[in-house]
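# Commentary on secondary and tertiary structure
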Amino acid sequence: MTMNPGPAPHPLPSAGKPSVSLDLGGRTALVTGAAGGIGRACALRLAAAGAKVRAVDRDAAGLDALVGRSQGLGLPGAVEPLVLDLTDLDAAEQAAAGTDVLVNNAGLQLVRPIEEFPPDVFHTVLTVMLEAPFRLIRGALPQMYAQGWGRVVNLSSVHGLRASAYKSAYVAAKHGLEGLSKTAALEGAAHGVTSNCVNPGYVRTPLVEKQIADQAAAHGIPEERVLTEVLLKDSALKRLVEPEEVAEAVAYLCTPQASFVTGASLVLDGGWTAH
């Protein structure tokens, strides 16, 4: 279905016109879930800052489109596609070796009551969204520690701070990611490595759009009412967050000016958690 996201702010940042001053020339960044949504925006944003970006996703066609987009924009950095299923944890850890910036973004969602939630899906969600980030951080830290500089940015969610009904796996994974991020911050501080979460509300991504039908069924309402009555009900700003806005927050956490920001959760939720 087509969602009405409400009025967009003016102007919105874009990959071609970044608003945060950032130079990552000579740095290598790894972004998971890079074929679409927030991951795609982050990959383009870091490439715009001059980074060599390892774009990780299991969607080969989406990665090809990302590479084409980065080349079309003439970005100073390069995007290198890496087709990888993050349930292959050993491969995930190996992929992170030698990275200076790690963006743990990949995720999946299923909306079901706990008593109807498939255990195998719960396991997969926790594997991709919590265990894989642990393995990726584990793979990236030796390089970061050796050079005395590194940035770990974990794409959490407002659901890393608050719970919602029918999202047991997602909420559990994001709450766990918050704890993992804080632990990495405490351990990495002496080595010049920061670790933070970015916590957006509902973002204009396929992940959000695909849950409309599930939310309608779970709440017993028509699909056209889900956005206003469920997703944005408690948001002061009645629109979806744009992926490029999230990518700018990620970029800020990589700047020298953010070197004292670690163990934090940067919330971009339009006031959702202000209640």
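Structure shown above.
For the structure given in this document, a descriptive report is provided here. (Residues numbered from 1 in each chain as written. Predicted model: local features only at pLDDT ≥ 70, side-chain atom pairs only at ≥ 80, totals over all residues. Heavy atoms only, no water.)

### Let's talk about the overall build of the chain
Counting secondary structure elements, the chain contains nine helices and seven strands. For the chain, the C-alpha radius of gyration of 18 Å lies close to 19 Å, the compact-globule estimate for 275 residues. The C-alpha extent of the chain, read off along each of the three principal axes, is 55 × 40 × 35 Å. The buried share among the 275 residues of the chain stands at 52%. Within the chain, residue pairs in contact and separated by at least 24 positions form 76% of the contacts whose partners lie at least 6 positions apart. Per element, the accessible surface of the chain, about 12000 Å² overall, is 54% carbon and sulfur. Across the chain, the 22 positively charged side chains and the 27 negatively charged ones have centroids separated by 5 Å. (Helix = DSSP H or I, 4+ residues; strand = E, 2+ residues; numbered from the N terminus. Rg over C-alpha atoms; globule rule 2.2 N^0.38 Å. Buried < 20%, exposed > 50% of the residue type's maximum accessible area, 1.4 Å probe, protein only. Contact = heavy atoms within 4.5 Å. Areas by Shrake-Rupley, 256 points an atom, 1.4 Å probe, with all protein chains shown as cover. Lys, Arg positive; Asp, Glu negative; His and termini not counted. Charge placed at Lys NZ, Arg CZ, Asp CG, Glu CD.)

### Focus on the environment of aspartate 59
Here aspartate 59 lies in the loop between β2 (52–57) and α2 (60–73). Spatially, the C-alpha atoms of aspartate 59 and serine 259 are 33 Å apart, while their sequence positions differ by 200 residues.

### Considerations on the pattern of salt bridges
Taken as a whole and judged by the stated rule, the model has seven salt bridges. In this structure, glutamate 93 engages arginine 135 in a salt bridge whose closest nitrogen and oxygen atoms are separated by 2.5 Å. Highlighted residues: glutamate 93 in helix α3 (residues 89–95) and arginine 135 in helix α4 (residues 119–147), separated in sequence by 42 residues. Each member of the pair, glutamate 93 as well as arginine 135, is classed as buried. The partner of arginine 239 in a salt bridge is glutamate 245, and the shortest N-O contact between them spans 2.9 Å. The pair arginine 239 / glutamate 245 is uniform in exposure class, with both members buried. (Salt bridge = Lys/Arg side-chain N within 4 Å of Asp/Glu carboxyl O.)

### Looking at the packing of aromatic side chains
All chains considered together, the criterion is met by one aromatic pair. When the centroid spacing of 6.2 Å and the interplanar angle of 85° are considered together, the rings of phenylalanine 117 and phenylalanine 122 count as edge-to-face. Exposure remark for phenylalanine 117: the relative accessible area of 9% places this residue in the buried category. Between arginine 27 and the ring centre of tryptophan 149, over which it is positioned, the NZ or CZ distance is 3.9 Å. (Phe/Tyr/Trp six-rings, centres within 6.5 Å; stacked < 30°, edge-to-face > 60°. Lys NZ or Arg CZ within 6 Å of the ring centre and 35° of its normal.)

### Section: unusual backbone geometry
The residue tyrosine 166 is not glycine, and still its phi comes out positive at about 75°. Within the secondary structure, tyrosine 166 is located in the loop between β5 (150–155) and α5 (168–188).

### Structural notes on the nonpolar core
Counting 39 residues, the largest nonpolar core has Leu46 and Val103 as the members making the most contacts within it. Of all the secondary-structure elements, those providing two or more residues to this core are β1 (28–32), α1 (37–48), β2, α2, β4 (101–104), β5 and α9 (243–253). Top element by residues in this core is α1. It accounts for eight residues. Core analysis: the next-biggest nonpolar cluster, separate from the first, contains 29 residues, Leu84, Leu89, Leu126 and Ala169 among them. (Core = buried A, V, L, I, M, F, W, Y, C linked by side-chain atoms within 4.5 Å.)

### What about the environment of valine 203?
Secondary-structure assignment places valine 203 in the loop between β6 (193–200) and α6 (206–209). Overall, valine 203 belongs to the buried group, its relative accessible area being 3%. Considering only alpha carbons, one finds valine 203 and isoleucine 38, 165 residues apart in sequence, at a separation of 8.1 Å. Non-local contacts of valine 203, meaning those with residues more than four positions away in its chain, are made with Ile38, Val208, Leu240, Val241, Glu242, Pro243 and Val246.

### Looking at the sheet that holds β6
The strands making up a sheet associate through backbone hydrogen bonding, with each pair oriented either parallel or antiparallel. Pairing is parallel across the open sheet formed by seven strands, whose spatial order is β3-β2-β1-β4-β5-β6-β7. Every other strand in the sheet has two partners, leaving β3 (79–83) and β7 (265–268) as the edge strands with one partner each. Averaged over all pairs of adjacent strands, the angle between strand axes in this sheet comes to 15°, irrespective of strand direction. As judged from the five bridges shared by β1 and β2, these two strands associate in the parallel manner. From the neighbouring strand, alanine 29 faces β2, where its bridge partner is valine 53. (Pairing = 2+ DSSP bridges. Axes fitted to C-alpha atoms, helices over the stretch in contact; angles between N-to-C directions.)

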